[in-house]
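Chain residues, written in single-letter form:
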Amino acid sequence: DAKTTQPTSMDCAEGRAANLPCNHSTISGNEYVYWYRQIHSQGPQYIIHGLKNNETNEMASLIITEDRKSSTLILPHATLRDTAVYYCTPLQGGSEKLVFGKGTKLTVNP
Amino acid sequence: ETGVTQSPTHLIKTRGQQVTLRCSSQSGHNTVSWYQQALGQGPQFIFQYYREEENGRGNFPPRFSGLQFPNYSSELNVNALELDDSALYLCASTLDRANYGYTFGSGTRLTVV
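Notes on the structure follow. Keep in mind that what you see is a predicted model, and the values were worked out from it rather than measured. (Residues numbered from 1 in each chain as written. Chains lettered and ligands numbered in written order. Predicted model: local features only at pLDDT ≥ 70, side-chain atom pairs only at ≥ 80, totals over all residues. Heavy atoms only, no water.)

With 22 residues of chain B at the contact, the number on the chain A side is 21 residues. Carbon and sulfur atoms supply 50% of the area buried between chain B and chain A, which totals about 1600 Å² over both sides. At the junction of chain B and chain A, the tally comes to 0 salt bridges. Scanning the region where chain B abuts chain A turns up 5 residue pairs in polar contact (both at pLDDT 80 or more). Secondary structure elements with two or more residues in the side of chain B that touches chain A: β4 (31-37), β5 (44-50), β6 (53-57) and β9 (87-94) of chain B. A per-element tally of the side of chain B that touches chain A places β5 of chain B first, with 3 residues. (Contact = heavy atoms within 4.5 Å. Buried area = accessible area lost by both parts, 1.4 Å probe. Salt bridge = Lys/Arg side-chain N within 4 Å of Asp/Glu carboxyl O. Polar contact = N/O pair within 3.5 Å; in protein donor to acceptor, adjacent residues only side chain to side chain. Helix = DSSP H or I, 4+ residues; strand = E, 2+ residues; numbered from the N terminus.)

Applying the stated criterion across every chain, the model contains 2 disulfides over all chains. Residue pairing for Cys 22 of chain A: its cysteine sulfur links by disulfide to Cys 88 of chain A, the two sulfurs lying 2.1 Å apart. A torsion of -70 degrees about the S-S bond marks the disulfide between Cys 22 of chain A and Cys 88 of chain A as left-handed. Of this pair, Cys 22 of chain A sits in strand β2 (residues 18-23) while Cys 88 of chain A sits in strand β8 (residues 84-91), and the two are 66 residues apart along the sequence. Take Cys 88 of chain A: its relative accessible area is 0%, and that puts it in the buried class. Between Cys 23 of chain B and Cys 91 of chain B runs a disulfide, and the two sulfur atoms are separated by 1.8 Å. Across the S-S bond linking Cys 23 of chain B and Cys 91 of chain B, the dihedral sits near -60 degrees, which makes this disulfide left-handed. With a gap of 68 residues between them, Cys 23 of chain B in strand β3 (residues 19-24) and Cys 91 of chain B in strand β9 connect regions that are remote in the sequence. Both residues of the pair, Cys 23 of chain B and Cys 91 of chain B, belong to the buried class. (Disulfide = S-S within 2.5 Å. Buried < 20%, exposed > 50% of the residue type's maximum accessible area, 1.4 Å probe, protein only.)

Rendered as structure tokens:
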């Protein structure tokens, strides 16, 4: 399984951009990188995914390095409701499974 | 709003018993996966079904089994429950994983005593 490394925790001020890094140096060429977040007691919520190119949607932006060994999730204007555990996870082709680590606990402070 | 409904939300079982957890996915979501999430850990992949056939399995013993039905519902069955099976069980489904993410349900919290 491809391994991911994320900071255990991060803090961000409300209204500022939150930049969450993820290292996935063992990712295979056909594995997408997915980002999910999980608010306490709820199921993970899909945020965004990408393969090679940078991606943007209404929730966030995803920046993937050219060598695909790392990526950064950007929440442009963090709010208190963005406080959650954020998971970076590759999706393995074939088995179709998401491989979750322990994620990053993001705390947005007023 | 997730569009994936799991039942029950909480369940307490005794060691050695059997349990069935249920998931109802959105119409058209023909791929469903089940995950186990222990406290403080990320979800761990149990298995996946595509059009009612198992097409991927994680490192879980055979006493974990599943079914997927034509109406986009599915079940996770666990036999001979052990204390370590206590966890949050999550169901996730997708229409097309290349273009959409998986939609997760809120999970079933299983406690084995």
